[in-house]
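# A look at the structure
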Amino acid sequence: MPDPNGFLRYERRLPTRRPVPVRLRDWREVYPPASDELIAEQATRCMDCGIPFCHDGCPLGNRIPDWNDLVRTGNWDFAIEALHATNNFPEFTGRLCPAPCEAACVLSIAGGQPVTIKQVEVEIINRAVAAGRVTPRPAPERSGKSVGVVGSGPAGLAAAQQLARAGHDVVVYERDDALGGLLRYGIPDFKLEKGHIDMRLDQLRAEGVRFETGVNVGVTVSVDDLRARHDALLLACGALAARDVEIEGRGLSGVHLAMEHLVEANRVVAGRVPSASISAFDKNVIIIGGGDTAADCLGVAHRQGAKSVLQLDQYPVPPSTRDESRDPWPTWPWILRDYPAHEEGGARAFAVAVTAFEGNDDGDLTGVRIAEVQVSRVDGRRVVTEIPGTERLYPAEMVLLAIGFEGTEPGPLLTNLGLTRNRRGGIDTGADWQSATPGVFVAGDMHRGASLIVWAIAEGRSAAASIHAYLGGDGALPAPVEPSAAALTA
């Protein structure tokens, strides 16, 4: 049985990040591998609670206490089996997920320190890969049914793997020149080195999944053609319609959407293009936004050699610990989160908003006007009120808009399938993940809006289960969530 005193004997600890001066000289991941001793110690802190709320915090329903105890006792081979039972790609979630499971850990009650679930997870898969235990698992028999998956992000890949292992012929279509969706070009290498994606793609190919890149469904191939090829379609195209601003000076050269900057930077690192046309080198950079994408822009700007970086957030400084009156345990708390990129430099300003972008006669950005603001809710709507007399000007040659996404992109794919976006910019489905067009299913961010990678994988697995049933497959595939599922809230 688990050590009931482990959390009393050991404090929460994470591996020491690579030194800032060293990691700023390359694009490799920030965290080095952790020692067996450290991970076993941290896994020992898990009590295997009678009611493990970490299961509820994780939409995949990961068997967290099970693999924590297997790591504690050194049973790494069994730990990866327990981990893969619910999660196709723990190397992705272990690096990129913000870990709502940790927020729901019993040890986080009353400001306590939760188990380092995310770190244990990534170390299990790291060791499994090193030991050659991540091997193809092709289906023993083929069903004779075919499924087309549009989009090769985590939702599409998870669904493709589940369906291929169930015996169906699966083809994944990606409009970009490389596979992985935002994992490939949206996430910087210092968070996810791309060899992890390539390892999984090799596994999926060996399991029978076929991939076609440069396929823009509705443009380079017709929707009717694709439907004729397959018995069912899964749309997993993400939520890439970026939120923009209508502010004086928005058209100046130097004001960019965050993903324009990140995608090109990733292409440079991957050797796809020789240099970046949108570079922070020797510039004063202002990043508008306070989330993961903004932090990614911050880390990229540092590595490109920015002169200075200022990150802006409309909201006031979050508390350092959970406010139980606002976000009671086990919900996801609103707290101040420091990403590794913040350790590398730059400054942050809270409760401020941009009032105008200023430029020169040539149309180049030269500065940003910023004012202090108060954010309130009126009839359920967010209202931002500028505080008079607080406006000030900051020099800037680059601005990056990292203020979220408005849903999946409109275009011929949706039009030709007769699908329309809902008010959140997503595509509605029935309880079986099927859209209003028969035989066409939807999962991931395209369905629920921009969300966490763990939700994308969960939705991909669940949609695959429904497609398997739709095709008359034997047995049932695991379906961790329903289309109406939502994160824990008070």
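Residues numbered from 1 in each chain as written. Predicted model: local features only at pLDDT ≥ 70, side-chain atom pairs only at ≥ 80, totals over all residues. Heavy atoms only, no water.

### Focus: the packing of helix α6 (residues 76–84) against helix α9 (residues 117–130)
It is at 9 Å that the axes of α6 and α9 come closest, and there the two elements cross at 115 degrees. You can see that α6 and α9 cross each other, and the crossing is left-handed. Here α6 contributes W76, A79, I80, L83 and H84 to the contact with α9, which in turn contributes E121, E123, I124, I125, R127 and A128. (Axes fitted to C-alpha atoms, helices over the stretch in contact; angles between N-to-C directions. Helix = DSSP H or I, 4+ residues; strand = E, 2+ residues; numbered from the N terminus. Left-handed = near helix turned anticlockwise from the far one by under 90°. Contact = heavy atoms within 4.5 Å.)

### Overview of the pattern of salt bridges
Tallied over the entire structure, the rule returns 34 salt bridges. Put simply, R13 and E41 hold a salt bridge, and the shortest N to O gap is 3.1 Å. Placement of the pair is R13 in the loop between α1 (6–9) and α2 (20–23) and E41 in helix α3 (residues 36–44), with a sequence separation of 28 residues. With relative accessibility at 14%, the residue E41 sits in the buried group. Residues E459 and R448 are paired through a salt bridge, measuring 2.9 Å at the closest nitrogen-oxygen approach. Within this pair, whereas E459 is found in helix α19 (residues 453–470), its partner R448 is found in helix α18 (residues 445–448), the two being separated by eleven residues in sequence. For the pair shown, E459 and R448 are each scored as buried. Several salt bridges converge on common partners, so that one network encompasses R17, R23, R303, E343 and E344. (Salt bridge = Lys/Arg side-chain N within 4 Å of Asp/Glu carboxyl O. Buried < 20%, exposed > 50% of the residue type's maximum accessible area, 1.4 Å probe, protein only.)

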